[in-house]
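Spelled out, the chains give:
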Amino acid sequence: MKKKFFSLRRQMVLVYLLGGALPMLLIIGILIGTQRRTMLEQAGTAAVTELTMLKNTLGSQCGVLTDVSKRMYFDKELEQISQTQYADYASVVDTYRTYTQLDDLEDYYSGDIEGITVYLDNQTLTGNSQLARVDTETRAADWYQTALQDGGRARWWYIQSPADGKYYLTLVRQIRSQQGESIGVETLRMNPQNLRTQFAERSADTYLLLDDGTVVLAKDGSTPPAAPAELVRQYAGQAGSFRVDVDGEINLLTVETLSDTAYCNALVLLSLEPYNVILNSVAHTMRRTLIIAALGAAVAVAAIFAFSLYFSRRVAQFRAEMEKAARGERALATTIGGGDEIADLYTYLNSMIHDIDALTASVYENKLEQERARSRQREAEFKMLASQINPHFLFNTLESIRMKARSCGDTEVADMVKMLAKLMRHSIEVRDSLVPVKDELALTEYYLKLQHYRFGDAVQFEVTAEPGCEQLFILPLLVQPPVENAFVHGLKERRMGGRITVHAAADDAVLTITVTDNGVGMTPAALDALRQSLAAKDFDRSHIGVANVHHRIRMFYGAGWGLTVDSAPGQGTTVTLRLPRCETSETTKEDTAL
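Residues numbered from 1 in each chain as written. Predicted model: local features only at pLDDT ≥ 70, side-chain atom pairs only at ≥ 80, totals over all residues. Heavy atoms only, no water.

Some words on the pattern of salt bridges
Next up, step 1: Tallying each qualifying case throughout the model produces 8 salt bridges.
Next up, step 2: For Asp150, the salt bridge identified is with Arg155, shortest N-O distance 2.9 Å.
Next up, step 3: For Asp150, a relative accessible area of 15% gives the class buried.
Next up, step 4: When the shortest N-O distance is used, the salt bridge between Arg499 and Glu462 registers 2.9 Å. Here Arg499, found in strand E14 (residues 498-506), pairs with Glu462, found in strand E12 (residues 459-465); they are 37 residues apart in sequence, far enough to count as distant.
Next up, step 5: For Arg499, a relative accessible area of 36% puts it in the partly exposed group.
Next up, step 6: Since its relative accessible area comes to 35%, Glu462 is described here as partly exposed. (Salt bridge = Lys/Arg side-chain N within 4 Å of Asp/Glu carboxyl O. Buried < 20%, exposed > 50% of the residue type's maximum accessible area, 1.4 Å probe, protein only. Helix = DSSP H or I, 4+ residues; strand = E, 2+ residues; numbered from the N terminus.)

Structural notes on the environment of Leu475
Next up, step 1: Structurally, Leu475 can be placed in the loop between strand E13 (473-474) and helix H16 (480-490).
Next up, step 2: Taking the relative accessible area as the measure of exposure, Leu475 reaches 0% and is therefore buried.
Next up, step 3: C-alpha of Leu475 to C-alpha of Tyr557: the two residues are 82 residues apart in sequence and 9.5 Å apart in space.

Some details on the environment of Leu258
Next up, step 1: With respect to the helices and strands, the residue Leu258 is situated in strand E9 (residues 249-258).
Next up, step 2: Given the relative accessible area of 15%, Leu258 is considered buried.
Next up, step 3: As a C-alpha pair, Leu258 and Gly237 span 21 residues in sequence and 9.4 Å in three-dimensional space.
Next up, step 4: Once residues lying within four places of it in the same chain are set aside, the contact partners of Leu258 are Lys55, Leu58, Gly59, Cys62, Ala266 and Leu267. (Contact = heavy atoms within 4.5 Å.)

Focus on the sheet that holds strand E16 (residues 562-567)
Next up, step 1: Taken together, the 5 strands give an open sheet; going across it, the order is E12-E14-E15-E17-E16, and neighbouring strands pair in mixed fashion. Edge positions in the open sheet fall to E12 and E16, since each of these has one partner strand only. Direction aside, the axes of adjacent strands within the sheet are offset by 10 degrees on average.
Next up, step 2: Two strands pair when backbone bridges link them, and E16 and strand E17 (residues 573-580) are joined in this way by 6 bridges, in the antiparallel orientation. The partner of Ser567 across the bridge, within E17, is Thr573.
Next up, step 3: Packing of helix H15 (residues 437-455) onto the sheet brings it into contact with E12, E14 and strand E15 (510-517), and relative to E12 it is tilted by some 170 degrees. (Pairing = 2+ DSSP bridges. Axes fitted to C-alpha atoms, helices over the stretch in contact; angles between N-to-C directions.)

Re the confidence of the model for the protein
Next up, step 1: Residues of the protein with pLDDT of at least 70 account for 73%, and the chain-wide mean is 77.
Next up, step 2: Confidence drops under pLDDT 50 across residues 376-390; counting only partners more than four residues distant or on other chains, this segment forms 1 contact. (pLDDT = per-residue confidence, 0-100.)

Some points on the sheet that holds strand E7 (residues 215-218)
Next up, step 1: The strand order E7-E6-E10-E9-E8 describes an open sheet built from 5 strands, whose pairing is antiparallel. Taken across any chain shown, the strands that pair with only one partner, and hence form the sheet edges, are E7 and strand E8 (240-246). Neighbour-to-neighbour, the strand axes of this sheet turn through a mean angle of 25 degrees, independent of strand direction.
Next up, step 2: Note that strand E6 (residues 205-210) and E7 share 3 bridges and pair antiparallel. Across the sheet, residue Tyr207 finds its bridge partner in E7, namely Ala218.

A word on the packing of aromatic side chains
Next up, step 1: With the rule as written, the count across this model stands at 7 aromatic pairs.
Next up, step 2: Note on Trp143 and Tyr144: the rings are 6.0 Å apart at their centroids and 85 degrees apart in plane angle, and the pair reads as edge-to-face.
Next up, step 3: Exposure remark for Trp143: the relative accessible area of 12% places this residue in the buried category.
Next up, step 4: With relative accessibility at 3%, the residue Tyr144 sits in the buried group.
Next up, step 5: Ring geometry for Phe556 and Tyr557: centres 5.0 Å apart, planes at 85 degrees, overall edge-to-face.
Next up, step 6: Relative accessible area serves as the criterion here: at 15%, Phe556 is assigned to the buried category.
Next up, step 7: A relative accessible area of 0% means that Tyr557 is categorised as buried.
Next up, step 8: Through successive ring pairs, a cluster of aromatic residues spans Tyr119, Trp143 and Tyr144. (Phe/Tyr/Trp six-rings, centres within 6.5 Å; stacked < 30°, edge-to-face > 60°.)

Thoughts on the packing of helix H17 (residues 524-535) against helix H18 (residues 546-557)
Next up, step 1: Close contact between H17 and H18 brings their axes to 9 Å; oriented N to C, the two are set at 30 degrees. With respect to each other, H17 and H18 are oriented roughly parallel. As for how H17 packs across H18, the hand of that crossing is right-handed. Of the residues in H18, those in contact with Leu530, Ser533 and Leu534 of H17 are Val546, Ala547, His550 and His551.
Next up, step 2: Its residues assigned to classes, the contact of H17 with H18 comprises 4 nonpolar, 3 polar and no charged. (Parallel < 35°, antiparallel > 145°, perpendicular 65-115°, else oblique. Left-handed = near helix turned anticlockwise from the far one by under 90°. Nonpolar A, V, L, I, M, F, W, Y, C, P; charged D, E, K, R; others polar.)

Observations regarding unusual backbone geometry
Next up, step 1: The phi dihedral of Leu477 falls on the positive side, at around 60 degrees, and the residue is not glycine.
Next up, step 2: In this fold, Leu477 is placed in the loop between E13 and H16.
Next up, step 3: Judged by its relative accessible area of 14%, Leu477 falls in the buried class.

Side note on a nonpolar patch on the surface
Next up, step 1: On the surface, a cluster of nonpolar side chains totalling about 390 Å² of accessible area is made up of Leu14, Leu18, Leu22 and Leu25.
Next up, step 2: Relative to the helices and strands, Leu14 resides in helix H1 (residues 8-73). (Patch = residues over 30% accessible without salt bridge, like charges linked within 9 Å, V, L, I, M, F, W, Y side chains within 5 Å. Areas by Shrake-Rupley, 256 points an atom, 1.4 Å probe, with all protein chains shown as cover.)

Some remarks on the side chain of Asn122
Next up, step 1: Inspection of the secondary structure assignment puts Asn122 in the loop between strand E1 (113-120) and strand E2 (131-133).
Next up, step 2: Residue Asn122 is classed as buried on the basis of its relative accessible area, which comes to 1%.
Next up, step 3: Side-chain polar atoms of Asn122 contact the backbone oxygen of Thr84, separated by 2.6 Å.
Next up, step 4: One polar contact links Asn122 to Thr124, side chain to side chain, over a distance of 2.6 Å.
Next up, step 5: What Asn122 contacts, discounting residues up to four positions off in sequence, is Ile81, Ser82, Gln83, Thr84, Gln85, Tyr86 and Arg133. (Polar contact = N/O pair within 3.5 Å; in protein donor to acceptor, adjacent residues only side chain to side chain.)

What follows is the structure in structure tokens.
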């Protein structure tokens, strides 16, 4: 029989090349291009989101500086200082000592404000880092002249601090008297620590600039190239991500602008990330995809050739048997026509159609059931409830209450609000970083004073420290919980004569802090239960008490440290904290563990 050129084997190879290999290559190319675009879009969206978070942080800090500047705008004491002609140096020093408003503001907002300097046009002042005299150099400075021209509106500058000589982002604003006359210029320097921390965590080069192109802060702290300033001038007032060419390299530029009617100018956040850095992961994925595709194609080609050769040989055998039947040995069914092997095998396909249909239906039903099972497995409900309280609002509210009480002459309420604010700020900002013993004892004394307002003379207290102890460092919130336990459990039934003593002492290696009360004391059973709680590995971390304090000490310093409790009914209770002597805040668990 004459051999057919367009055999079934050649048809199968051709169909694979046209219907399999070429579409597969096309799909791979499309997927790689789509993945590249998706990666760039995701990088742009992530950059905008991260820069927006930076903008919110910066806006919150700027709001604190703005609120403080408004509070100082009509300060009567500043007005009186600016208008007083001092006869001698002692009078100036006395004024500096009695005017504590700037010290209070710097202490209260130390996390947001690095320092405050008010420049007063009073030549009889000697001047210091807070109340400075306007000299010839200051009067000629651009920021000073501009502040006078802005008419009381605030403006951002990047200027040198008179306190330490460093440059800070500074809010500059003219101060006026009650009659509207200029008495000087106030400058509030922003504490850059929070922004520096967030800048360091970013992978892209990030900059904070004034809208005139002045660079205020760069990610790595080094002097940035001229490109950011040029980009700020080019994209001023815009926001989002852009494709820019910087020194011959394509970069993803992200811009966010912080502007407000309270300021005469704006702050600009800008980040630059090279496209090749963003696409590194895409290139890796592309190489892996191409390798997998090449291997798959090679395996498929080998398989199709092997299968086509095997199948064509079998078909030739079947055809020979069918030719025998065609010659009369067997009656054959009507063919579908055509000159290839499929037409020759058609008679056999008829007998297989019913089985194939049944098999197809069974496979389809199985696959449908599998898809239903997968769909049921993929179903899930996710719920999220998020809330956030801005501590600045709470602290500003407490400060407003304190200032109102103070202006009304109620110093007792003012002091109570001030101590409560410090307690709350310390509790909110507490971390497992070390704090000075002096600060921890001061926090405890604030708590005791608040309780003294409540209980009056029914409970007396004393907080003491031996020389050299207050400069040591400990974990925060270790002393206040035992003191609170003394109030809640030890002195709850005592009407008069209650006493709490806190004492810190140290030798060359150990710091010891004792909290003693003369309350009702503890029964042997209760004391034994408490000591078992201290020795247990599992404890309730949701409540603050001596057990949590003990376990915090052991987890940070090591198993050789902690607290002990001694008590007897009617004889009071003594809680002793035994800690390693730490003279710096950099001490870690590995440095102190026994």
